[in-house]
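Here is what each chain is made of, one letter per residue.
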Amino acid sequence: MRALVIGYGSIGKRHVRVLKDIGFVVAVVSAQEDVLELSYSDVGAALVDFSPDYVVICNATHLHFDIMDELAIGNFQGNVLVEKPLFSTFSSVPKNKFASIYVGYNLRFHPILSRLKSLLSVNQVLSTNVYVGQYLPDWRPGIDYRESYSAKKEQGGGVLRDLSHEMDYLIWLLGAWKSVTAHGGTVSSLEITTEDVYTILMSTQRCPIVSVQMSYLDRVKRRRIVINTEKHCLEIDLINNSILIDDVKEVFDVGVDTTYSEMHLAVLQNDRSRLCSVDEAKNTIELIEVAERCNGRYWEYNE
């Protein structure tokens, strides 16, 4: 099996490593000159010369649509995985003959979220609070954060899109969003043109109160969920891989690449139970855009 990875940033390098471990012969499309893998400068040449069975798109978000279009024009008929988010803005996928296309929300393959999904299937959910944060300058070691797509609005960066895992898994766990309000923006001195903090308050089909805070400012990396149900309080720490059910703690052994390898294997097996479909990914983009439209619409207190 041959896999073509388009984009060779930090996430592209991870996909290359994982795919090689699975047993793929891997090539990349990249403009970088220090690529250690078999590399091509453009998609068309790679399709003709390398003939991949599987393509992973993981370059900057604003380029995803154009890359998919190139694959379609090149008559690619294998499997496609697109890194999250699907696109920078809500759009349809170009007409294609792909065998399948999924979006890389790999946290769906985290064993704790699988455990949580099972727990929530038998419990009435009352409230959910999510917090995710990481300091952007420390995010990609060896890379100037100001040059990353995360720092550039025109390239699809910002916490809403960078950290959209949270919105994806909340919809996956709690059903489609019903109502939304939000507040966010750039509040720090980071040299970026994107938002660095956002808070979303919404309701979903299975939970009346959901709050989500996303941040580029946390010097200590955090990814936590607190859920109250009719019977239990559930506290999840996705950094330390633990779930606290009332006062009973479970700790999971999760490798750094586990969720990625599980996701790739699911694509190969066409196991849709946890894979994110294009329609689901478009719902997440729609939620992001609604949150942006809601931003700043609030009442101010006047004495």
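The present account deals with the structure reproduced in this document.

Conventions used here
Residues numbered from 1 in each chain as written. Predicted model: local features only at pLDDT ≥ 70, side-chain atom pairs only at ≥ 80, totals over all residues. Heavy atoms only, no water. Salt bridge = Lys/Arg side-chain N within 4 Å of Asp/Glu carboxyl O. Helix = DSSP H or I, 4+ residues; strand = E, 2+ residues; numbered from the N terminus. Buried < 20%, exposed > 50% of the residue type's maximum accessible area, 1.4 Å probe, protein only. Patch = residues over 30% accessible without salt bridge, like charges linked within 9 Å, V, L, I, M, F, W, Y side chains within 5 Å. Areas by Shrake-Rupley, 256 points an atom, 1.4 Å probe, with all protein chains shown as cover.

### Overview of the pattern of salt bridges
- A full pass over the atoms with the stated rule returns 15 salt bridges.
- In this structure, Arg-115 and Glu-250 form a salt bridge, with 2.9 Å as the shortest nitrogen-oxygen distance. On the criterion of sequence distance, the pair formed by Arg-115 in helix 4 (residues 111–120) and Glu-250 in strand 14 (residues 248–251) is long-range, its members being 135 residues apart.
- Judged by its relative accessible area of 28%, Arg-115 falls in the partly exposed class.
- Here Glu-166 makes a salt bridge to Arg-223, at a shortest N to O gap of 2.7 Å. A residue pair is termed long-range when its members are at least 10 positions apart, and Glu-166 in helix 6 (residues 165–174) and Arg-223 in strand 11 (residues 222–229) qualify at 57 residues.
- Overall, Glu-166 belongs to the buried group, its relative accessible area being 0%.
- Linked through salt bridges whose partners overlap, the residues forming this network are Lys-153, Arg-161, Glu-195 and Glu-292.

### Considerations on a nonpolar patch on the surface
- A surface patch of nonpolar side chains, amounting to about 250 Å² of accessible area, comprises Met-1, Leu-265 and Leu-268.
- Mapped onto the elements, Leu-268 comes out in helix 7 (residues 258–269).
- Classification of Leu-268 by relative accessible area gives partly exposed; the value is 31%.

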